[in-house]
Amino acid sequence: MSIQQPTTAPAESTPPAEQPPIMGAINKPKKKNRKKLIISLVVGSLVTIGLIAGLLWYLLVFNNPQRALEASIVNAIMSKNSVTEGRLTFEGKGNQKVTIKLKSSDAEKTQELQADITVNAGGSDKSIQFSLPKVNVRNTEDATYIKLDNVRSSIETAIDRYMESVSSPGGAISSRSQTKSLKETMLKQFETLINEIDGHWIKISSDDLEQSEEAKCVMNAVRRAKDDTAVREEIAQVYRDNNFLQIKKDLGTKDGLRGFEIDLSDATLEKRKNFAKALSETTYAKKIKECGGSSKALDTDALDFKKVDVSLKLWIDNSKRQVRRVEFEGSSEGNKVSLETGVMYGDAKKVEAPSDAKDLKDVMKKLQSSPLSSFVPKTSTSTNSVSDADEA
């Protein structure tokens with residue numbers, strides 16, 4: 001009897017555990033790292049070159065004082081929207097002084113001007129100060145509008161100053177009653193004028209002014225220059241080619257603006273003359289010449305400052321390339337003129353024509369029938385109306 005040996009199923013063989021491809025894992029990233037390294041080096045080089053180029057551009061171009069000033073002047077020429085506010089002062093011998101506070105705006109082919117004028121009439125014994133009527137001007141595409149404020153008070157002040165002179169010891173009038181009576185009589189002469197113009201807008205069209213064809217032509221040329229970008233660009237290019245505003249001294253930074261004193265000596269005289277000559281050949285200047293206008297405004301002799309002591313300082317916004325403040329002083333033979341203005345760009349609004357404006361011709365008609373008629377010029381309209389009445 002045979003004994004059967006139990007059969008044992010063969011044990012399943014377990015596959016050996018996979019070993020991580022150590023060499024492959026190391027080798028493959030090495031190839032990728034080389035590519036990344038090359039790319040990084042190229043990009044890094046470009047960035048470095050860009051930074052160096054940017055730094056050189058900033059130092060040699062953007063931060064270059066003369067180039068910054070040139071760009072600011074060109075931008076001022078090209079600007080079509082600005083607000084200017086400042087003070088213009090004239091000082092003469094004998095404590096004579098006239099101060100004009102100015103504010104002007106320019107936007108969308110319209111302009112506005114406001115002026116407050118104060119006069120100091122000095123003398124050997126005392127100084128007399130008085131204000132002239134405040135001037136308001138609006139210029140639209142169709143007409144110009146003018147308004148004078150404080151006319152009555154200005155006339156009264158002028159009469160008072162006159163009465164003080166004639167009432168002084170040795171004067172023609174001595175009693176207060178005479179002074180009062182004369183003042184009232186003089187004031188009545190101006191009543192019609194005061195009532196018609198004090199605080200009222202007056203419309204003045206080109207037809208209201210007895211202008212020659214030459215004058216009208218010149219005004220149209222000036223208006224075209226203000227409105228035409230191509231004309232402005234031509235003038236700006238002339239300045240680029242003949243940059244005569246050369247820096248004499250860097251004044252540093254003040255109130256966030258960078259200042260420069262401009263060289264107006266003989267060293268830059270030739271540049272000024274070249275600019276004036278080139279400007280006289282622009283389309284703008286040629287249009288004026290075609291009108292028959294004089295070119296004395298471009299006379300190069302006027303650019304020679306040997307006989308006067310002048311100083312010009314310009315303050316710019318260095319980042320925006322904008323002229324923001326102008327300071328000018330000039331003196332000769334005891335007379336002095338100074339100008340200080342600040343400029344803002346983009347803040348001006350279009351000027352609207354006053355809806356309640358009087359027509360100049362209507363105002364003139366009323367003045368012609370007033371006590372001041374002998375001082376009022378006869379208008380063509382009034383002349384025509386008189387001749388028509390005669391024919392009737």
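Everything quoted here is computed from the prediction, not taken from an experiment.

Where charged atoms of side chains with opposite charge meet at close range, the side chains can pair. Taken as a whole and judged by the stated rule, the model has 11 salt bridges. For the salt bridge of Lys 147 with Asp 149, the shortest nitrogen-to-oxygen distance reads 3.9 Å. The class for Asp 149 is buried, based on a relative accessible area of 19%. As a salt-bridge pair, Asp 250 and Arg 258 come within 2.8 Å of each other at their nearest N and O atoms. What makes Asp 250 partly exposed here is its relative accessible area of 37%. Salt bridges sharing common partners tie together Glu 196, Lys 358 and Lys 366.

Turning our eyes to something else, we now look at the packing of aromatic side chains. If you walk through the whole model with that rule in mind, you get 3 aromatic pairs. On the basis of an interplanar angle of 80 degrees and a centroid distance of 5.8 Å, the ring pair of Tyr 239 and Phe 244 is categorised as edge-to-face. For the pair Tyr 239 and Phe 244, a shared accessibility class is recorded, and that class is buried. Considering the side-chain rings of Phe 244 and Phe 275, the 4.7 Å spacing of their centres and the 40 degrees angle between planes classify their relative orientation as tilted.

Turning our eyes to something else, we now look at the state of the cysteines. Counted by the stated rule, this structure contains 1 disulfide. The side chain of Cys 217 participates in a disulfide bridge whose partner is Cys 291; the two sulfur atoms lie 1.8 Å from each other. The S-S bond linking Cys 217 to Cys 291 shows a torsion near -65 degrees; that makes this disulfide left-handed. Here Cys 217, found in helix H6 (residues 213-227), pairs with Cys 291, found in the loop between helix H9 (283-290) and strand S10 (309-317); they are 74 residues apart in sequence, far enough to count as distant.

Moving on, we come to the packing of helix H7 (residues 229-241) against helix H8 (residues 269-279). Interhelical geometry of H7 versus H8 gives an angle of 155 degrees and a closest axis separation of 9 Å. Viewed along their axes, H7 and H8 adopt a mutual orientation that is roughly antiparallel. Seen along the crossing, H7 lies across H8 with a hand that is right-handed. Judged by residue contacts, Ile 235, Val 238 and Tyr 239 of H7 engage Phe 275, Ala 278 and Leu 279 from H8. Looking at the contact of H7 with H8, its residues break down into 6 nonpolar, no polar and no charged.

Despite not being glycine, Glu 108 has its phi angle at roughly 50 degrees, a positive value. Its place among the elements puts Glu 108 in the loop between strand S2 (96-107) and strand S3 (110-121). The phi dihedral of Lys 109 falls on the positive side, at around 65 degrees, and the residue is not glycine.

All right, on to the environment of Ser 82 then. Note on placement: Ser 82 falls in strand S1 (residues 82-92). With 263 residues separating them in the primary sequence, Ser 82 and Tyr 345 have C-alpha atoms 4.3 Å apart. Excluding residues within four positions of it along the chain, Ser 82 makes contact with Ser 104, Ser 105, Asp 106, Val 343, Met 344, Tyr 345 and Ala 348.

The N-to-C vectors of H6 and H9 enclose an angle of 165 degrees; their axes lie 9 Å apart at closest approach. Considering their axes alone, H6 and H9 lie roughly antiparallel with respect to each other. Crossing of H6 against H9: the hand is right-handed. Between H6, through Val 218, Ala 221, Val 222, Arg 224 and Ala 225, and H9, the contact on the second element is made entirely by Tyr 284, Lys 287 and Ile 288. Tallied by class, residues from the contact of H6 with H9 come to 6 nonpolar, no polar and 2 charged.

On to H7. The terminal C-alpha atoms of H7, which comprises 13 residues, lie 18 Å apart, in line with the 18 Å expected from a rise of 1.5 Å per residue. Regarding H7, the residues found buried are Val 231, Arg 232, Ile 235, Ala 236, Val 238 and Tyr 239. Looking straight down H7, one finds its buried side chains confined to an arc of 155 degrees; they lie on one side. Seen from the open side of H7, the exposed residues pointing more than 90 degrees away from its buried face are Ala 230 and Asp 241. Contacts from the buried residues of H7 go to helix H2 (65-78), H6, H8 and H9.

Within the largest apolar cluster, 24 residues are counted, with the highest numbers of intra-cluster contacts made by Leu 69, Ile 73, Tyr 239, Leu 245, Ile 262, Leu 312 and Leu 314. Looking at this core, the elements with two or more residues in it are H2, H7, strand S9 (257-262), H8, S10, strand S11 (322-332) and strand S12 (335-345). Sort the elements by how many residues they give to this core and H7 lands first, with 5 residues. Beyond its immediate chain neighbours, meaning those up to four positions away, Leu 312 contacts Leu 245, Phe 260, Glu 261, Ile 262, Leu 264, Val 326, Glu 327 and Phe 328. Core analysis: the next-biggest nonpolar cluster, separate from the first, contains 16 residues, Met 163, Ile 202, Ile 204 and Leu 367 among them.

This part is about the layout of surface pockets. Counted as a void, the second largest pocket has a volume near 470 Å³. Around the second largest pocket sit 20 residues that line it, and Asn 139, Thr 140, Thr 144, Met 219 and Arg 223 are the ones nearest its centre. When residues in the lining of the second largest pocket are grouped by element, the largest group, 7 residues, is from H6. Of the residues belonging to the lining of the second largest pocket, the class tally is 5 nonpolar, 8 polar and 7 charged.

Reading the values: the criteria
Residues numbered from 1 in each chain as written. Predicted model: local features only at pLDDT ≥ 70, side-chain atom pairs only at ≥ 80, totals over all residues. Heavy atoms only, no water. Salt bridge = Lys/Arg side-chain N within 4 Å of Asp/Glu carboxyl O. Buried < 20%, exposed > 50% of the residue type's maximum accessible area, 1.4 Å probe, protein only. Phe/Tyr/Trp six-rings, centres within 6.5 Å; stacked < 30°, edge-to-face > 60°. Disulfide = S-S within 2.5 Å. Helix = DSSP H or I, 4+ residues; strand = E, 2+ residues; numbered from the N terminus. Axes fitted to C-alpha atoms, helices over the stretch in contact; angles between N-to-C directions. Parallel < 35°, antiparallel > 145°, perpendicular 65-115°, else oblique. Left-handed = near helix turned anticlockwise from the far one by under 90°. Contact = heavy atoms within 4.5 Å. Nonpolar A, V, L, I, M, F, W, Y, C, P; charged D, E, K, R; others polar. Expected span 1.5 Å × (residues − 1). Arc of directions from axis to C-beta. Core = buried A, V, L, I, M, F, W, Y, C linked by side-chain atoms within 4.5 Å. 1 Å grid on protein atoms, 1.4 Å probe; cavity = no way out; pocket = protein on both sides within 12 Å on 5 of 7 lines; lining within 4 Å. Points joined across faces, edges and corners; volume = space filled by probe spheres on them.

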